[in-house]
Amino acid sequence: MTGPSAEHRSGFACFVGRPNAGKSTLTNALVGSKVAITSSKPQTTRHAIRGIVHREDAQLILVDTPGLHRPRTLLGQRLNDVVHTTWAEVDVIGFCVPANEKIGPGDRFIADELRAVASRTPVIGVVTKTDLAKPEQIAKQLVALEQLLDFAELVPISAQDGFQLGELADLLVQRLPEGPQLYPDGELTEEPEQALVAELIREAALEGVRDELPHSIAVTIDEMLPRSDRDDILDVYAVVHVERPSQKGIILGHKGERLKVVGRQARQQIEALLGSKIYLDLHVKVTRDWQRDAKQLRRLGF
């Protein structure tokens, strides 16, 4: 590349929004690979997983934070701390609001929190899920969003059908500092493999459990290693932690049937992620009140 337009930009961006505003799906769509956990339930992303968008002119590193909410437990407080720390470290923030849902108290709460950083970090208003809304609904949402905060830009997008994803990426990249690639080898995520594997198991365990809060489930990986007599199989030993015996019953299902389905789904996802055959050994354990116990939280990776 030559000439004045040749400068390369690199830096960090994150998407914020109330739970289920489409942040993880958007991250995955921009990166082009499944790195953040998406689920139909709110509050399933636990870690600041970074996905990397590689372009000739830029490297955009996306940090996916948990949804910000009013904390009721120690875990809730830790999740909010992760969010605020992330906001302090990124170059640009995208505030996501779904096109098909009215702006509510949760959105206003986040806008109030963002106001403190908006003076030094540009915030782009992103109306997501436009594929689920009519044009007049989208227009109305853009107007409503504009009244929440002084945004650097406003853009409607759909991660599902790719509408204006390129435009959003351009708006984010324009606000990054000039600099070389921060990840020269093109890794898609800096999240260690074990953490991603644990998240995939957790996602599979959450599917279909509508009655229990997703917060009640944590997953730890005891061991992940190639089988000694075969280098084409990876043995993964994992534990699903719940807080109460009744929750253990829900995860196991009748005669352990549900856990088998969880294992099957998780295995397919892990094989796709790692490109290797997997043997998954899955156990469910009651770890009482782990969300309120600082020692347990540390042990479970929070």
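Residues numbered from 1 in each chain as written. Predicted model: local features only at pLDDT ≥ 70, side-chain atom pairs only at ≥ 80, totals over all residues. Heavy atoms only, no water.

As recorded in an unreviewed UniProt entry, the protein goes by the name GTPase Era, listed as coming from Haloechinothrix aidingensis. Looking at the Sequence similarities (unreviewed entry) heading of the UniProt record, one finds this comment for the protein: "Belongs to the TRAFAC class TrmE-Era-EngA-EngB-Septin-like GTPase superfamily. Era GTPase family." As its UniProt record puts it under Subunit (unreviewed entry), the protein is described as follows: "Monomer." (UniProt positions renumbered as here; feature names shortened; annotations may be inferred.)

## Here's the deal with the pattern of salt bridges
Pairing between side chains of opposite charge can happen when their charged atoms approach one another. Applying the stated rule across the entire model yields ten salt bridges. Across the salt bridge formed by Asp 112 and Arg 115, the nearest N and O atoms sit 2.7 Å from each other. Note that Asp 112 and Arg 115 are positioned in helix H3 (residues 105-118) at a spacing of three residues, about one turn of the helix. Across the pair Arg 227 and Asp 235 runs a salt bridge whose closest N-O atoms are separated by 2.9 Å. By relative accessible area, which is 28% here, Arg 227 ends up partly exposed. Of the residues examined, Asp 235 reaches a relative accessible area of 8% and is grouped as buried. (Salt bridge = Lys/Arg side-chain N within 4 Å of Asp/Glu carboxyl O. Helix = DSSP H or I, 4+ residues; strand = E, 2+ residues; numbered from the N terminus. Buried < 20%, exposed > 50% of the residue type's maximum accessible area, 1.4 Å probe, protein only.)

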